[in-house]
Amino acid sequence: MFTFLLVVQALVAATMIGVILMQKSEGGGLGVGGSPAGLLSARGAADFMTRATTVLATAFVALSILLAAMASVGRGGSTIDTSLSKAAQTSGAAPASSLTGPAQPDAPADAAPAIPANDDPLAAAAAAAASKEAAPAPAQAPPAKK
């Protein structure tokens, strides 16, 4: 039913675009002339086009509201996927800093960092960067003043 109403909505929109473009505007527009009497006279065509635009616009708005209501009713309750959350990982170690990986108190300061226990590919790079930051930088002489 939703797909059918969506197709009807598209047809109403296309028809409304055509009717609006055929209306005669102040600048001339795409209005077509017709016989001097009857429906296609200047007055008759204007009344017909105005009524057609009003009917199509009303149908468009009504279908939009109906489709929105159908879309909101059709959705079930959503759940949040926590499979990628760090809190959802069940490791026996205490939680570590988000950038440095698991803490290793027994490791020597100059040793290479160990591969983290989790499957985060960037944790090893972050641990290496943290160990470089922790190492003292070589002393540099201040630039000479002129």
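Thresholds, definitions, all that
Residues numbered from 1 in each chain as written. Predicted model: local features only at pLDDT ≥ 70, side-chain atom pairs only at ≥ 80, totals over all residues. Heavy atoms only, no water. Helix = DSSP H or I, 4+ residues; strand = E, 2+ residues; numbered from the N terminus. Contact = heavy atoms within 4.5 Å. Areas by Shrake-Rupley, 256 points an atom, 1.4 Å probe, with all protein chains shown as cover. Expected span 1.5 Å × (residues − 1). Buried < 20%, exposed > 50% of the residue type's maximum accessible area, 1.4 Å probe, protein only. Arc of directions from axis to C-beta. Core = buried A, V, L, I, M, F, W, Y, C linked by side-chain atoms within 4.5 Å. pLDDT = per-residue confidence, 0-100.

Novice: Please explain the overall build of the protein chain as it appears in this structure.
Specialist: When its secondary structure is counted, the protein chain shows three helices and zero strands. At a minimum sequence separation of 6, the contacts of the protein chain that also span at least 24 residues come to 62%. Carbon and sulfur atoms make up 66% of the accessible area of the protein chain, which totals about 11800 Å².

Novice: What's the story with helix H1 (residues 2–22) in this structure? I'm lost.
Specialist: An α-helical turn contains 3.6 residues, so a residue and the one three or four places further along point in the same direction. If you check H1, its first and last C-alpha atoms are 30 Å apart, about what 21 residues at 1.5 Å a residue would give, namely 30 Å. Listed in full, the buried residues belonging to H1 are Leu 5, Gln 9, Val 12, Met 16 and Val 19. Buried residues of H1, seen end-on, are gathered within an arc of 95° and therefore sit on one face of the element. Turned more than 90 degrees from where H1 packs its buried face, Thr 3, Leu 11 and Ile 17 sit exposed.

Novice: Quick question: what am I supposed to make of the nonpolar core here?
Specialist: In this structure, Leu 5, Val 12, Met 16, Val 19, Met 49, Ala 52, Leu 56, Leu 63 and Leu 67 together form the largest nonpolar core, which totals nine residues. Mapped onto this core, the elements with two or more residues apiece are H1 and helix H2 (42–74). In terms of residue count, H2 provides more of this core than any other element does, five residues in total. Apart from residues no more than four positions distant in its own chain, Leu 67 is found in contact with Phe 2, Leu 5, Leu 6 and Gln 9.

Novice: Where do I start with the side chain of Thr 53 in this structure?
Specialist: Among the secondary structure elements, Thr 53 is positioned in helix H2. If sequence neighbours within four positions are ignored, Thr 53 has contacts with Val 19, Ile 20 and Gln 23.

Novice: Honestly, the environment of Val 12 in this entry has me stumped. Any pointers?
Specialist: In this fold, Val 12 is placed in helix H1. Given a relative accessible area of 13%, Val 12 falls into the buried group. Once the C-alpha coordinates of Val 12 and Leu 56 are considered, the two residues, 44 residues apart in sequence, prove to be 6.3 Å apart. Discounting residues that sit within four places of it in the chain, Val 12 has contacts with Leu 56, Ala 59, Phe 60 and Leu 63.

Novice: Where do I start with the environment of Met 22 in this structure?
Specialist: Locating Met 22 in the fold gives a position in helix H1. For the pair Met 22 and Met 49, spaced 27 residues apart in sequence, the C-alpha to C-alpha distance is 8.0 Å.

Novice: I tried to follow the side chain of Gln 9 on my own but got confused; where do I start?
Specialist: Looking at the element boundaries, Gln 9 is found in helix H1. Overall, the relative accessible area of 11% leaves Gln 9 in the buried class. The contact partners of Gln 9, leaving out residues within four places of it in the chain, are Phe 60, Leu 63, Ser 64 and Leu 67.

Novice: Just checking my understanding: could you explain the confidence of the model for the protein chain for this structure?
Specialist: Segments scoring low in pLDDT should not have their predicted coordinates read at a detailed level. When pLDDT is averaged across the protein chain, the result is 72; 53% of the residues are at 70 or more. Long-range and interchain partners of residues 34–38, a stretch whose pLDDT sits below 50, account for five contacts in this model, where long-range means more than four residues apart.

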